[in-house]
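# Examination of the molecular architecture
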Amino acid sequence: MQQNIYDNNEFFQNYKNTRLSEDSFNELLEQPAMKRLLPDLQGKTVLDLGCGFGFNCKEFVLAGAKSVVGIDLSEKMIEQAKATNNLNNITYHVMSMMDIDTLNEKYDFVYSSLAFHYIEDFEMLISKIYGVLNDNGVLLFSQEHPIITAVKNDGDNYVKKLNGSIKGFLLNNYADMSIRKEKWFVDGVEKYHRTVSYIFNTLIKCGFTIEAVEEPLPSEEALKMRKGLEKEFIKPTFLIIKARKAIKN
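Residue numbers here run from 1 along each chain, matching the order of that chain's written sequence. Restriction of local features to residues with pLDDT of at least 70 applies here, the model being predicted, together with a cutoff of 80 or more for giving and counting side-chain atom pairs; totals for whole chains, interfaces and linings are based on all residues. The side-chain numbers reported here are obtained from all heavy atoms of the structure, hydrogens and water having been left aside.

Here we come to the overall build of the protein. Numbered from the N terminus, helices here are DSSP runs of H or I no shorter than four residues, and strands are runs of E no shorter than two. Counting its regular elements, the protein contains eight helices and eleven strands. For the radius of gyration, the atoms used are the C-alpha atoms, and the globule rule reads 2.2 Å times the number of residues raised to 0.38. Taking 2.2 N^0.38 as the reference for a compact globule, 249 residues should give roughly 18 Å; the C-alpha atoms of the protein span a radius of gyration of 18 Å, in line with that estimate. Counting only C-alpha atoms, the protein reaches 60 × 45 × 35 Å along its principal axes. For every residue, the accessible area obtained with a 1.4 Å probe (protein chains only) is divided by the maximum for its type, and the residue is called buried under 20%, exposed over 50%, and partly exposed between those limits. The 249 residues of the protein split such that 48% are buried. Any two residues having at least one pair of non-hydrogen atoms within 4.5 Å are treated as being in contact. Of the contacts made within the protein by residues no fewer than 6 positions apart, 67% connect residues no fewer than 24 positions apart. When the accessible surface of the protein is totalled, it reaches about 12300 Å², and 48% of it is carbon and sulfur. Computing the positive centroid from 30 side-chain charges and the negative centroid from 34, the protein places the two 3 Å apart. Only the protein chains shown count as covering a residue, and every accessible area follows the Shrake-Rupley method with a 1.4 Å probe. For this count, His and the chain ends are skipped, Lys and Arg are scored as positive, and Asp and Glu as negative. A charged residue contributes its charge at one atom only: NZ of Lys, CZ of Arg, CG of Asp or CD of Glu.

Another aspect to go through is the packing of aromatic side chains. The criterion for an aromatic pair is that two Phe, Tyr or Trp rings (for Trp, the six-membered ring) have centres within 6.5 Å, with stacked assigned to planes under 30 degrees apart, edge-to-face to planes over 60 apart and tilted to the rest. Per the stated rule, a full pass over the model turns up ten aromatic pairs. Between Phe 53 and Phe 55, the aromatic rings sit 5.8 Å apart at their centres with planes inclined by 85°, giving edge-to-face as the arrangement. Between the aromatic rings of Phe 60 and Phe 109, the centroid separation amounts to 5.9 Å while the plane-to-plane angle is 75°, which identifies the pairing as edge-to-face. Of this pair, Phe 60 sits in helix H3 (residues 55-62) while Phe 109 is found in strand E4 (residues 107-113), placing the two residues 49 residues apart along the sequence. As far as the burial class goes, Phe 60 and Phe 109 line up, both buried. The structure contains a cluster of three or more aromatic residues connected by ring pairs, namely Phe 116, Phe 122, Phe 141 and Tyr 198. In this structure, Lys 245 packs its charged tip against the face of Tyr 130, placed 4.5 Å from the ring centre. To sit over a ring, a charge needs its Lys NZ or Arg CZ within 6 Å of the ring centre and within 35 degrees of the ring normal.

So, on to the packing of helix H5 (residues 122-132) against helix H7 (residues 196-205). Geometrically, a packed helix pair is captured by the angle between its two axes and the distance between the axes. Angles here are taken between N-to-C directions and fall from 0 to 180 degrees, while the axes themselves are lines fitted to C-alpha atoms, restricted in helices to the stretch in contact. Packing of H5 against H7 leaves a shortest axis separation of 9 Å and a crossing angle of 35°. Viewed along their axes, H5 and H7 form a crossing whose handedness is right-handed. The segment H5 lies against H7, with Phe 122, Glu 123 and Ile 126 engaging Tyr 198, Ile 199, Thr 202, Leu 203 and Lys 205. Helix crossings are classified by the rotation of the near helix relative to the far one: an anticlockwise turn of less than a right angle makes the crossing left-handed, while a clockwise turn makes it right-handed.

What follows deals with the side chain of Glu 30. Within the secondary structure, Glu 30 is located in helix H2 (residues 25-36). Pairs of N or O atoms are called polar contacts if they sit within 3.5 Å, as long as, within protein, a hydrogen donor faces a hydrogen acceptor (for residues adjacent in sequence, only side-chain-to-side-chain pairs). Among the polar contacts listed, one links the side chain of Glu 30 to the side chain of Gln 31, at a separation of 2.9 Å. Not counting residues up to four positions away in its chain, the partners in contact with Glu 30 are Phe 25, Ser 113, Leu 114, Ser 142, Phe 238 and Ile 240.

Moving on to the environment of Glu 59. When you line up the elements, Glu 59 lands in helix H3. In this structure Glu 59 comes out as partly exposed when scored by relative accessible area, which is 42%. Sequence separation between Glu 59 and Met 95 is 36 residues; the distance between their C-alpha atoms is 21 Å.

At a minimum axis distance of 11 Å, the contact between helix H1 (residues 9-19) and helix H4 (residues 75-84) shows a crossing angle of 40°. Relative to H4, the element H1 lies oblique. Taken as a pair, H1 and H4 cross one another with a handedness that is right-handed. Taken together, the residues of H4 that come into contact with H1 (itself represented by Asn 9, Phe 12, Tyr 15 and Lys 16) are Lys 76, Met 77 and Gln 80. Gly falls in the polar group here, along with every residue not listed as nonpolar (Ala, Val, Leu, Ile, Met, Phe, Trp, Tyr, Cys, Pro) or charged (Asp, Glu, Lys, Arg). The residue inventory of the contact of H1 with H4, partitioned by class, reads three nonpolar, two polar and two charged. Orientation categories follow fixed angle ranges, with anything under 35 degrees roughly parallel, anything over 145 roughly antiparallel, 65 to 115 roughly perpendicular, and all other angles oblique.

So, in structure tokens, the structure goes:
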């Protein structure tokens, strides 16, 4: 069963403070790239997997989406989403993304921001997403980059020169596709590591055509806003993939 760390009080409060910060990695790196890859949402039906506080659900409606369903395993997240980002054509559910086939609906666009690395059975998830998408529907998701999820220790994996400047990143355990447990605000946060090739091959196997891939780098403005972001030029933090449901003959 998927871990529900976001309903841990200590984790939730720390995550909330980080996520609402204007200089978070989400705001400076991941979200700008995700927004560039969004399809035309006018009149479309949208499913947001791991919707969190519902920021994106609201943005999709403002971009013209006909209806949006946001799901998250965390009751605290959904409570916050309903309180701060609720519109008439948004529906929120407390549920696992592995249960989306029980919604009995079809969508034009499935979106997920930094949630897939919490799912153990990636192939099953992608198969279910394929099943709930309309023909020619689009999947856009981000996750922690496999270079990040590969590392098993909680230490600093940057390789530094004697003067303290960074000269590289120590990658390890890349081929070991298994669970990782790390400290992020609290001990024992569970994530799943998969290689890049496995991710792409699974999407293709399940019937998707890859349309775009990004490993976002900081802009000049972002570099000015957050000290240390230049490390992103040494190793990427996020992997973003846009794929389309292929129409079978």
